[in-house]
Amino acid sequence: PMMNQNQPTILQRPFVSFDESSQLHPVLARVYAARNIEVLEEINTGLDSLLAPDTLTGLDVAVTRLEKALHNQERICVVGDFDADGATSTALMVTVLTATGFQKVNYLVPNRFDYGYGLTPEIVTVAAADKPDLIITVDNGISSIEGVKAANDLGISVIITDHHLPAEELPAADAIVNPNQTGNTFASKNLAGVGVAFYVMLGLRARLRETGWFSEQGITEPKLVDVLDLVALGTVADVVPLDKNNRILVQQGLARIRAGHCRPGIQALIEISKRSQQRLVATDLGFCLGPRLNAAGRLEDMSIGIECLLATDLSRARQLAVDLDSLNRERREIETGMQAEALASIDALGLDEASLPLGLCLYQPDWHQGVIGILASRIKERFHRPVIAFANNGDHELKGSARSISGLHIRDVLDAVASKQPGLLTKFGGHAMAAGLTIDADKFEAFKLAFDQQVQLQLNGRQPEHSLETDGELSAVDLELELAELLRYAGPWGQQFPEPLFDGQFRVVNSRLVGEKHLKLTVVPCDGDQSVDAIAFNQGEHHPLETGAELRLVYRLDSNEFRGICSLQLVVEYLEVLS
């Protein structure tokens, strides 16, 4: 992670007391308590604790329509999205529908450069060439009013499965399944698109089981645990909050992957990422597999990623994973160049950090449309404020990708700008932390001003606080491999269920530079005498550190595997030289 040069405020997470009788390691009990978990049942990630599908609004209607399509062997077209959530959702839907007995299932993912996001009228025209009877959207569709109308006008039915926030007007689809629909009583609003697709397939299998379809047709009932590897990958990659229900889905998927029960495409992505399949954790899905999958949708066409996930043979999956890996390397190079340009343009303003706009808008005519989302993320991390990066979309339009900070709902900000200045935004949609938008090229300056004003209004003109929340200090006796391993698998950790972070004071035994920009350290805790290895990524500017120097470290307790042997390592998120 990029670290700001400015010193963050380090805060200890407050925590309630944990169930004393739990017999958990006291550090783990403290970590859970700081995440508002008070009883063991809340960390139960067994499938028996998964929320039942029946309270998901629209599910019953969707299942009835799918059942009719199955009996009539209608032609199905699954329309996905060009990110990892869209790819996993598409692969899941195609896999399960085919296993259920549908004989004519294909998929279509809009190329982001030609069609943009969602079920647009243009994508319906492309889909119509295959003469589908039914379009099923995954991870998109909730705002596709025109697209659904275009499909209906051609006599094509539409089922929408999505998790994005709905506007007041909904498309006239045959069925809509979205946990964020008004009046929905489903207890988790945080399902990713792949989670919604999984629940729709759960509902369909239950109905077909009830009506005796599988025995009647002589079809082996599909085991939906077999697609939990896809659910885990899409859920983590889409950075949705890991509430209890999502933690169950992710943990169950991870457990299957570690046990060797995953599809060839995921195995191939693990291999090319040089991860250990037996030790895979949620962060590997988010930082290693997800970006390789996303690279296809960012630079070329997401069908490469979907084909990798659908591959039934490992050698084919490996070929596609190699393609994804090289696309990801190319994406990194493009991103590095764009980041340098963005930082130069901010420097050119000649302002200190406190004087920068609270809402930052950045644009260069030659920026790559597929990479602006990552760029916005990086600049947000660097300056701790919401950022929108824009690229040229042709047709005198700019496409923007927005990333927010906690406490500022970015889609609501865009909604407020659109309400106050109708016509300023052509279209927008998204979540609390990320959104996409389109504006006319000549309205960039006006939008930049309006966005900053709205952010200022929502933040009451206050500078967003740059803070690091930790789980407090660890005593020297807790700096052990056993606790590192315990914490590693005690998650899954992720969005709104953060990986444990500790802070403490250490003395330097030695330090050296590795890979030109990373700092490798051996340190001793100030209250102990046992030395421990540490690595501070991207913090080479602190080199050299004098032997005996006192440091304040904010770190994760990690077990580093090298040639099959695990050893304790601190992964340093923040480093401050005290003396």
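You'll find the structure just up there.
Residues numbered from 1 in each chain as written. Predicted model: local features only at pLDDT ≥ 70, side-chain atom pairs only at ≥ 80, totals over all residues. Heavy atoms only, no water.

(A) Up close: the overall build of the protein chain. Along its length, the protein chain carries 17 helices and 17 strands. Relative to a compact globule of 579 residues, whose C-alpha radius of gyration would be 25 Å, the protein chain shows 24 Å and is just as compact. Projected onto its principal axes, the C-alpha coordinates of the protein chain cover approximately 75 × 60 × 45 Å. For the protein chain, the proportion of its 579 residues judged to be buried stands at 56%. Sequence separation of at least 24 residues holds for 68% of the intrachain contacts in the protein chain that already meet a minimum separation of 6. Entry remark: accessible area of the protein chain is about 24,600 Å², with carbon and sulfur atoms responsible for 49%. Each charge class in the protein chain can be summarised by its mean position, and for the 50 positive and 77 negative side chains these summaries are 3 Å apart. (Helix = DSSP H or I, 4+ residues; strand = E, 2+ residues; numbered from the N terminus. Rg over C-alpha atoms; globule rule 2.2 N^0.38 Å. Buried < 20%, exposed > 50% of the residue type's maximum accessible area, 1.4 Å probe, protein only. Contact = heavy atoms within 4.5 Å. Areas by Shrake-Rupley, 256 points an atom, 1.4 Å probe, with all protein chains shown as cover. Lys, Arg positive; Asp, Glu negative; His and termini not counted. Charge placed at Lys NZ, Arg CZ, Asp CG, Glu CD.)

(B) Structural view of the packing of aromatic side chains. According to the stated counting rule, one finds 11 aromatic pairs in the structure shown. Centroid distance Phe186 to Tyr199: 5.1 Å. Interplanar angle 80 degrees. Geometry classified as edge-to-face. In this pair, Phe186 sits in the loop between β6 (175–177) and α6 (193–210) while Tyr199 sits in helix α6, placing the two residues 13 residues apart along the sequence. In this structure, Phe186 and Tyr199 share a single accessibility class: buried. (Phe/Tyr/Trp six-rings, centres within 6.5 Å; stacked < 30°, edge-to-face > 60°.)

(C) Expanded view of the environment of Asp533. Counting through the fold element by element, Asp533 comes out in strand β15 (residues 532–536). Spatially, the C-alpha atoms of Asp533 and Asn510 are 9.7 Å apart, while their sequence positions differ by 23 residues. When near neighbours in sequence (up to four residues on either side) are disregarded, Asp533 contacts Lys520, Leu521, Thr522, Leu568, Gln569 and Leu570.

(D) Region of the structure containing helix α10 (residues 264–272). Of the positions making up α10, those classed as buried are Pro264, Gly265, Ile266, Ala268, Leu269 and Ile270. Looking at the buried residues of α10, the elements they touch are α8 (228–237), α9 (244–258), α11 (282–299), α12 (303–310) and α13 (314–347).

(E) Layout of the sheet that holds β6. Reading across the sheet, the five strands line up as β3-β2-β4-β5-β6 and stay open at both edges, with parallel pairing between neighbours. Of all strands in the sheet, those bounded by a partner on one side alone are β3 (105–108) and β6. Within the sheet, the average angular offset between the axes of one strand and its neighbour, ignoring direction, is 20 degrees. Two strands pair when backbone bridges link them, and strand β2 (residues 76–79) and strand β4 (residues 134–138) are joined in this way by four bridges, in the parallel orientation. By the bridge assignment for β4, Cys77 is matched with Ile135. (Pairing = 2+ DSSP bridges. Axes fitted to C-alpha atoms, helices over the stretch in contact; angles between N-to-C directions.)

(F) Layout of the layout of surface pockets. Taken as a whole, the second largest pocket encloses approximately 240 Å³ of empty space. Every residue lining the second largest pocket is counted, 14 residues in all, and those nearest its centre are Leu349, Leu360, Cys361, Leu362 and Lys448. Secondary-structure elements contributing two or more residues to the lining of the second largest pocket are α13, β7 (360–363) and α16 (444–458). Split into classes, the residues belonging to the lining of the second largest pocket amount to nine nonpolar, three polar and two charged. (1 Å grid on protein atoms, 1.4 Å probe; cavity = no way out; pocket = protein on both sides within 12 Å on 5 of 7 lines; lining within 4 Å. Points joined across faces, edges and corners; volume = space filled by probe spheres on them. Nonpolar A, V, L, I, M, F, W, Y, C, P; charged D, E, K, R; others polar.)

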